[in-house]
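Listed below, chain by chain, are the residues.
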Amino acid sequence: MTTRLLIRIDEHWPRDPATHWVLLDAANTVVQQGHSGPAHWPAADVCEGVLAGAQSTWLEVLLPASPRRERPRLLSYALEEHLVGDPDTQHVTVTHSHPEDKLNRTGVITVARARMTQVLAQFAQIGRPLRRLCSALETVPAAEGHWVLAVDAHCAILRPGLEPAIAFDGSTPEALLAALSSALPIALSRRRASTAFPAALQLRIADTCTTPDTGATASLPLRIEPGPAWHWWEHVDAASNLLHGEFASRQGRDAQWQRFRAPATIVAISAVALFVVNLTQVLGQRQALAELEARSARLFEQALPGTPAVAPAAQLGRALDRARRQAGQLGTDDLLALLHGHLAATGVTPLTVSYEAGTLSLALPPQTELSVLLTRLSLHGINAQAREGSLLLSAAPQP
């Protein structure tokens, strides 16, 4: 059974090593959960992290259509007006892209490279290398026509419809709601201008938090709808993996190889077995051919002693023809032999027959397909030529 340990990484980790974690089984069912330092984390097959709070920023930018190799440069230009610092100091992950007019509206998550380096190095040092790392901003599911607000002990994530989520930090849920009270009107004013005004704000509170009273939520400029309890690990699998490029996880590649290892092994064994069978068959055929050639050489030597073997089959045929004549039998170029071969091959009765010097001339009916007859005669070892509606037959040439 494969188990996964999900670690919630807030902005104070690893300075404050204690953090929330959840252990999931192969069916994504919670086996254990708690809040402790790395020394007390349970054993697991793989370890994954979730960057909480404002450690990451989720933006949307408009990019022109371009080859993939040009995307990093275009993203760097597009992010300059959205980020306070230099875009080159940020690790950028593309989350989605869809056409809008003649451009592509592209979602990107940015995380400081220094923070990525620190987190990955710390997990490697404690012997828990991360197979996957994602942003908590993507773990809040979108609700078309509604906004979703997920609140836990020290952070709130606002998902404005289908747009990228925004993180708010605070010491208590009440402080988070107070910060939202001032931020929501600004966000709503832009939606009113674009006629994309939400119907309500769905409030999802973590089990570890107390539900804010009516007075705290009354200051929010939206109708509040209670939603299911918020669990930070529920939608992690739908989030983008931040470990790519220079931060690509070797453990992830090893896991992919493990997934394909058994099928690849079967394919390799099958290929080796097929190669061995083919090699055995080829070697057997070569051995049989060598034996046949040796037997042919012995027979040729017995039939024609002292004669060099240039074309053994043809030479034996010519010697057999001479022996037949010496014994008073028909040769291959005799009249009766050629006429019998013609009738056996074609079955066409000639109109006239003439024979001279080993060549048989046959006049055939006018409707006869000479090309078909030539093919049949060649298959019977008879040299045939068409000339003015007649066939000229002779024995196949011998060397």
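**Let's talk about the overall build of the protein**
- Broken down by element type, the protein carries 8 helices and 17 strands.
- Going through the 399 residues of the protein one by one, you find that 37% of them count as buried.
- Considering only contacts in the protein between residues 6 or more positions apart, those separated by 24 or more positions represent 55%.
- Accessible surface, the protein: about 22800 Å² in total, of which carbon and sulfur atoms supply 57%.

**Digging into the pattern of salt bridges**
- Applying the stated rule across the entire model yields 8 salt bridges.
- The salt bridge involving arginine 113 is made with glutamate 246; its shortest N-O contact spans 1.9 Å. On the criterion of sequence distance, the pair formed by arginine 113 in helix 2 (residues 113–125) and glutamate 246 in the loop between strand 13 (224–226) and helix 5 (250–303) is long-range, its members being 133 residues apart.
- Overall, the relative accessible area of 28% leaves arginine 113 in the partly exposed class.
- In this structure, glutamate 234 and arginine 204 form a salt bridge, with 3.6 Å as the shortest nitrogen-oxygen distance.

**Regarding the packing of aromatic side chains**
- Under the defined criterion, the tally for this structure stands at 4 aromatic pairs.
- Note on tryptophan 13 and tryptophan 41: the rings are 6.4 Å apart at their centroids and 20 degrees apart in plane angle, and the pair reads as stacked. Taken together, the positions of tryptophan 13 in the loop between strand 1 (4–9) and strand 2 (19–24) and tryptophan 41 in the loop between strand 3 (30–36) and strand 4 (46–51) put the pair 28 residues apart, joining distant regions of the chain.
- Of the residues examined, tryptophan 13 reaches a relative accessible area of 2% and is grouped as buried.
- For tryptophan 41, a relative accessible area of 5% translates into the label buried.
- Members of the aromatic cluster, joined through ring pairs, are Trp13, Trp41 and Phe123.

**Here we look at the sheet that holds strand 6 (residues 90–100)**
- Sheet architecture is open: 3 strands sit in the order 5-7-6, paired in antiparallel fashion. Strands with a single pairing partner mark the edges of an open sheet, and in this sheet they are strand 5 (56–64) and strand 6. Strand-to-strand twist of the sheet, defined as the mean angle between neighbouring strand axes without regard to direction, takes the value 25 degrees.
- As paired strands, strand 5 and strand 7 (residues 103–112) are joined by 9 bridges and run antiparallel to one another. Bridge pairing in strand 7 links tryptophan 58 to isoleucine 109.
- The strands touched by helix 1 (residues 71–79) are strand 5, strand 6 and strand 7; relative to strand 5, the strand with the most contacts, the crossing angle is about 110 degrees.
- Packing of helix 2 onto the sheet brings it into contact with strand 6 and strand 7, and relative to strand 7 it is tilted by some 55 degrees.

**Points about the side chain of serine 240**
- Take serine 240: it is sitting in the loop between strand 13 and helix 5.
- When sequence neighbours within four positions are dropped, the list of residues in contact with serine 240 reads Thr93, Val94, Thr95, Arg132, Leu133, Cys134 and Glu138.

**So, the sheet that holds strand 8 (residues 130–135)**
- Here we have 5 strands laid out as an open sheet, ordered 3-2-1-4-8, and mixed in their pairing. Looking at strand neighbours, the two that pair on one side only are strand 3 and strand 8, the edges of this open sheet. The mean inter-strand angle of the sheet, taken between neighbouring strand axes irrespective of direction, is 20 degrees.
- Pairing analysis gives 5 bridges linking strand 4 to strand 8, with the strands arranged parallel. What sits directly across from cysteine 47, in strand 8, is leucine 130.

**Let's talk about a nonpolar patch on the surface**
- Where nonpolar side chains cluster on the molecular surface, the patch consists of Val272, Phe275, Val276, Leu279 and Leu283 and spans about 480 Å² of accessible area.
- Note that leucine 283 resides in helix 5.
- Residue leucine 283 is classed as partly exposed on the basis of its relative accessible area of 48%.

**Let's talk about unusual backbone geometry**
- With an omega of 10 degrees, the peptide bond running from tryptophan 13 to proline 14 counts as cis.
- By secondary structure assignment, the location of proline 14 is in the loop between strand 1 and strand 2.
- The backbone of asparagine 28 shows a phi angle near 60 degrees, a positive value even though the residue is not glycine.
- For asparagine 28, the location among the structural elements is in the loop between strand 2 and strand 3.
- Even without being glycine, aspartate 101 reaches a positive phi, approximately 55 degrees.
- On the secondary structure map, aspartate 101 appears in the loop between strand 6 and strand 7.

**Description of the environment of glutamate 100**
- In this structure, glutamate 100 sits in strand 6.
- Glutamate 100 gets classed as partly exposed once you look at its relative accessible area, which sits at 28%.
- Here the alpha-carbon distance between glutamate 100 and leucine 62, two residues 38 residues apart in the chain, equals 8.3 Å.
- When near neighbours in sequence (up to four residues on either side) are disregarded, glutamate 100 contacts Leu62 and Arg105.

**Points about a negative patch on the surface**
- Together, Glu80, Glu81, Asp86 and Asp88 line one region of the surface with negative charge.
- When you line up the elements, glutamate 80 lands in the loop between helix 1 and strand 6.

Cut-offs and rules
Residues numbered from 1 in each chain as written. Predicted model: local features only at pLDDT ≥ 70, side-chain atom pairs only at ≥ 80, totals over all residues. Heavy atoms only, no water. Helix = DSSP H or I, 4+ residues; strand = E, 2+ residues; numbered from the N terminus. Buried < 20%, exposed > 50% of the residue type's maximum accessible area, 1.4 Å probe, protein only. Contact = heavy atoms within 4.5 Å. Areas by Shrake-Rupley, 256 points an atom, 1.4 Å probe, with all protein chains shown as cover. Salt bridge = Lys/Arg side-chain N within 4 Å of Asp/Glu carboxyl O. Phe/Tyr/Trp six-rings, centres within 6.5 Å; stacked < 30°, edge-to-face > 60°. Pairing = 2+ DSSP bridges. Axes fitted to C-alpha atoms, helices over the stretch in contact; angles between N-to-C directions. Patch = residues over 30% accessible without salt bridge, like charges linked within 9 Å, V, L, I, M, F, W, Y side chains within 5 Å. Lys, Arg positive; Asp, Glu negative; His and termini not counted. Charge placed at Lys NZ, Arg CZ, Asp CG, Glu CD.

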